[in-house]
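# Tertiary structure, described
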Amino acid sequence: MKIRAAVHRDFTIAEIDDRLYSAFIEHMGRAIYSGIYEPGHPTANEQGFRKDVLELVRGLNIPAIRYPGGNFVSAYNWEDGIGPREQRPVRLDLAWRSKETNHVGINEFAGWAKDAGIDMMLAINLGSRGIDAARNFVEYCNHPSGSYWSDLRRSHGVEQPYGVNMWCLGNEMDGPWQIGAKQAKEYGRLADETAKAVKAFGRNMETIVCGSSNDAMPTYPEWERQVLEECYDNVDYISLHKYFGNNSHDTLNFFGKIEETGRYIQAIGGAIDYVKAKKRSKHNVYICFDEWNVWYHRREEDKKNWTTWDWPEAPALLEEDYNLEDALFVGGLLNEFIRRSDRVKIACIAQLVNVIAPIRAERGGKAWATTIYYPYQFASLYGRGTALNVAVDAPTYDCAVEDDVSYIDASAVLAKDGKSMTLFILNRHLTEAADLNLQLTGFSAATLIEHFVMGGQGQDIRLANTSENPNRIKPRNGEGVGVEDGSVVRGALPPLSYHVLRLSLA
């Protein structure tokens with residue numbers, strides 16, 4: 001399969017916001033309890049957080065993390081998680097039919113996030129609560145001192161404010177499963193007034209309004225239009241959520257969902273542009289794709305469990321065993337976010353530990369990286385800078401979700417210092433290698449620094465990493481690809497393989 005491609009230094013898409021590689025963690029299943037937090041674990045620190053998990057988290061260089069939900073937040077009282085642990089109430093979490101001890105609240109989580117080097121993006125309960133609880137939460141987190149909530153925080157041992165700038169205005173408020181679900185105009189009005197209250201705390205405050213829960217919702221994309229018409233000038237981002245599955249084991253159709261996601265982003269971009277024009281506004285609203293991941297391996301079994309079990313504490317839930325195919329898909333999806341970085345400024349893999357996550361942790365046992373950890377890590381480490389257009393001439397295929405899908409999925413990022421560039425390339429073909437000829441234009445002489453590969457050795461794409469075999473699927477050093485005359489990248493990319501090519505620009 002002959003592939004011609006080109007990258008020109010001047011043909012840019014956008015400066016990539018580092019927050020494109022953010023994460024999400026919810027009080028759900030074992031994400032918090034026995035995920036990041038497990039007092040008594042052999043690696044636990046003085047605060048009870050697992051150092052083995054923290055080390056894997058740090059390896060991802062995550063810029064921001066969304067917390068504490070998710071569906072959980074729509075019936076959550078943030079005040080339950082502050083003050084002495086022995087005085088905190090145990091609550092029943094209606095979202096996941098489980099018991100919440102509140103042993104981890106905002107102060108504990110903030111300490112963990114600081115240790116991990118991650119900024120917080122906090123979600124506000126606009127399901128069962130509203131503006132008053134929201135503004136109190138912001139005051140507790142952000143005001144220095146001299147007010148009720150800020151002084152209460154200081155009495156809890158946190159003298160300095162957290163300075164949280166990113167605030168999510170509820171979660172999936174269009175979903176009938178959501179506690180306190182609302183109609184579009186009703187929610188839009190509430191979001192507008194809440195955003196005004198949040199922004200009263202400072203000019204640097206950013207608010208994220210809920211878009212559709214996914215692009216299959218019956219109200220999509222009318223929901224976005226109606227919500228934005230109510231709150232456009234007081235919000236900075238609108239959220240997108242999308243999860244991906246391959247129950248039919250149709251690999252090419254699964255990979256075609258990358259393009260389907262591009263259409264989703266494009267459609268919401270159109271809704272933003274329409275409302276901006278209608279309001280004659282100078283304000284820009286961008287996209288926060290704050291929930292995305294592969295989720296299907298255990299979905300039906302887990303749904304059956306959580307709707308029937310008797311309020312367990314930190315039950316195993318949504319613990320996907322990701323395989324090589326999932327890792328290849330995640331690599332391609334991250335390419336789509338890079339290509340759409342003019343619109344998508346924040347994106348959060350959902351979730352971070354145990355629950356549909358790149359990191360797994362046994363209760364009392366070991367922690368390990370799932371297969372999807374690695375493409376996410378590569379994008380986070382090397383996908384920061386300027387997104388460049390990649391013109392690709394390659395054979396295509398049709399599938400159920402999209403037509404004319406290129407077998408080659410590629411993105412390119414010029415580093416912030418302009419001295420290196422990284423190419424991320426997925427060969428989706430099931431059987432054919434890609435004979436790559438990629439022309440570099442406008443660059444100084446390029447040389448290959450590193451080449452990492454996943455897949456492409458006839459590996460069973462259904463293989464996953466497990467606690468017994470945590471290193472079964474890992475990146476390896478690539479071979480057979482090089483740069484000729486400092487300007488042409490040539491080589492063979494095996495079928496069903498994902499490549500990271502790092503180039504030095506002299």
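Residues numbered from 1 in each chain as written. Predicted model: local features only at pLDDT ≥ 70, side-chain atom pairs only at ≥ 80, totals over all residues. Heavy atoms only, no water.

### Side note on the overall build of the protein chain
Looking only at helices and strands, one finds 10 helices and 26 strands in the protein chain. Taken over the C-alpha trace, the protein chain has a radius of gyration of 23 Å; the compact-globule value for 506 residues is 23 Å, and the two agree within 12%. Counting only C-alpha atoms, the protein chain reaches 65 × 60 × 45 Å along its principal axes. With 506 residues in all, the protein chain has 60% of them scored as buried. Put simply, 77% of the contacts in the protein chain that link residues at least 6 apart link residues at least 24 apart. Taken as a whole, the protein chain presents about 19200 Å² of accessible surface, with 46% of it coming from carbon and sulfur. Side chains of the protein chain carry 55 positive and 68 negative charges; the gap between the two charge centres is 3 Å. (Helix = DSSP H or I, 4+ residues; strand = E, 2+ residues; numbered from the N terminus. Rg over C-alpha atoms; globule rule 2.2 N^0.38 Å. Buried < 20%, exposed > 50% of the residue type's maximum accessible area, 1.4 Å probe, protein only. Contact = heavy atoms within 4.5 Å. Areas by Shrake-Rupley, 256 points an atom, 1.4 Å probe, with all protein chains shown as cover. Lys, Arg positive; Asp, Glu negative; His and termini not counted. Charge placed at Lys NZ, Arg CZ, Asp CG, Glu CD.)

### A closer look at the pattern of salt bridges
Summed over the entire model, instances satisfying the criterion amount to 39 salt bridges. In this structure, Lys416 and Asp18 form a salt bridge, with 3.0 Å as the shortest nitrogen-oxygen distance. Here Asp18 lies in the loop between strand 2 (12-15) and strand 3 (22-24) and Lys416 lies in the loop between strand 19 (408-415) and strand 20 (420-427), a separation of 398 residues in the sequence. On the basis of relative accessible area, Lys416 is assigned to the exposed category, the value being 58%. (Salt bridge = Lys/Arg side-chain N within 4 Å of Asp/Glu carboxyl O.)

### Remarks on helix 2 (residues 106-116)
Where burial is concerned, most of helix 2 is hidden: eight out of the 11 residues are buried. Regarding helix 2, the residues found buried are Ile106, Asn107, Glu108, Phe109, Ala110, Trp112, Ala113 and Ala116. Considering only its buried residues, helix 2 is in contact with helix 1 (51-58), strand 4 (64-67), strand 7 (119-124), helix 3 (131-142) and helix 4 (148-155). At the C-terminal side of helix 2, Gly117 shows a positive phi close to 75°.

### Comments concerning the sheet that holds strand 1 (residues 2-8)
Here five strands make up an open sheet; going across it, the order is 16-1-21-25-24 and the pairing mixed. Edge positions in the open sheet fall to strand 16 (391-393) and strand 24 (481-484), since each of these has one partner strand only. Going from strand to strand, the sheet's axes swing by 15° on average, the running direction of each strand aside. Two strands pair when backbone bridges link them, and strand 1 and strand 21 (residues 434-441) are joined in this way by seven bridges, in the parallel orientation. (Pairing = 2+ DSSP bridges. Axes fitted to C-alpha atoms, helices over the stretch in contact; angles between N-to-C directions.)

### Description of the nonpolar core
One recurring pattern in soluble globular proteins is that nonpolar side chains are buried together. By size, the foremost hydrophobic cluster in this structure holds 157 residues, and its most contacted members are Trp112, Leu352 and Met421. Counting 13 residues, the second-largest nonpolar core is a separate cluster that includes Phe24, Met166, Cys168 and Ile346. (Core = buried A, V, L, I, M, F, W, Y, C linked by side-chain atoms within 4.5 Å.)

### Some words on unusual backbone geometry
Of note, the bond from Gly69 into Gly70 is cis; its omega dihedral lies within 30 degrees of zero at 15°. Turning to its location among the elements, Gly70 is positioned in the loop between strand 4 and strand 5 (91-93). For the bond from Ala350 to Gln351, the omega torsion is 0°, close enough to zero to count as cis. Along the polypeptide, Gln351 turns up in the loop between strand 12 (344-350) and strand 13 (359-361). Notably, Ser34 is not glycine yet its phi reads approximately 75°, a positive angle. Position of Ser34 among the secondary structure elements: in the loop between strand 3 and helix 1. Its identity is not glycine, yet Glu172 carries a phi of approximately 45°, on the positive side. Along the chain, the position of Glu172 falls in the loop between strand 8 (166-169) and helix 5 (184-199).

### Regarding the sheet that holds strand 19
Read across the sheet, seven strands follow the order 2-15-19-20-26-22-23 without closing on themselves; strand pairing throughout is antiparallel. Among the strands making up the open sheet, the edge pair consists of strand 2 and strand 23 (476-477). One ladder, built from nine bridges, connects strand 22 (residues 446-455) with strand 26 (residues 497-505); its direction is antiparallel. Residue His451 lies in a different strand from strand 26, and its bridge partner there is Leu501. Docked against the sheet, helix 9 (residues 324-339) engages strand 2, strand 15 (385-388), strand 19, strand 20, strand 22 and strand 26, running at close to 55° with respect to strand 19.

### Overview of the packing of aromatic side chains
Under the defined criterion, the tally for this structure stands at 25 aromatic pairs. Here the aromatic rings of Tyr148 and Trp149 are separated by 4.9 Å at their centres, their planes lie at 90°, and the arrangement is edge-to-face. For Tyr148, a relative accessible area of 59% gives the class exposed. Aromatic side chains Tyr264 and Phe289 sit 5.9 Å apart centroid to centroid with 80° between the ring planes, which places their arrangement in the edge-to-face category. Placement of Tyr264 in helix 7 (residues 251-279) and of Phe289 in strand 11 (residues 286-294) is noted, with a sequence separation of 25 residues between them. (Phe/Tyr/Trp six-rings, centres within 6.5 Å; stacked < 30°, edge-to-face > 60°.)

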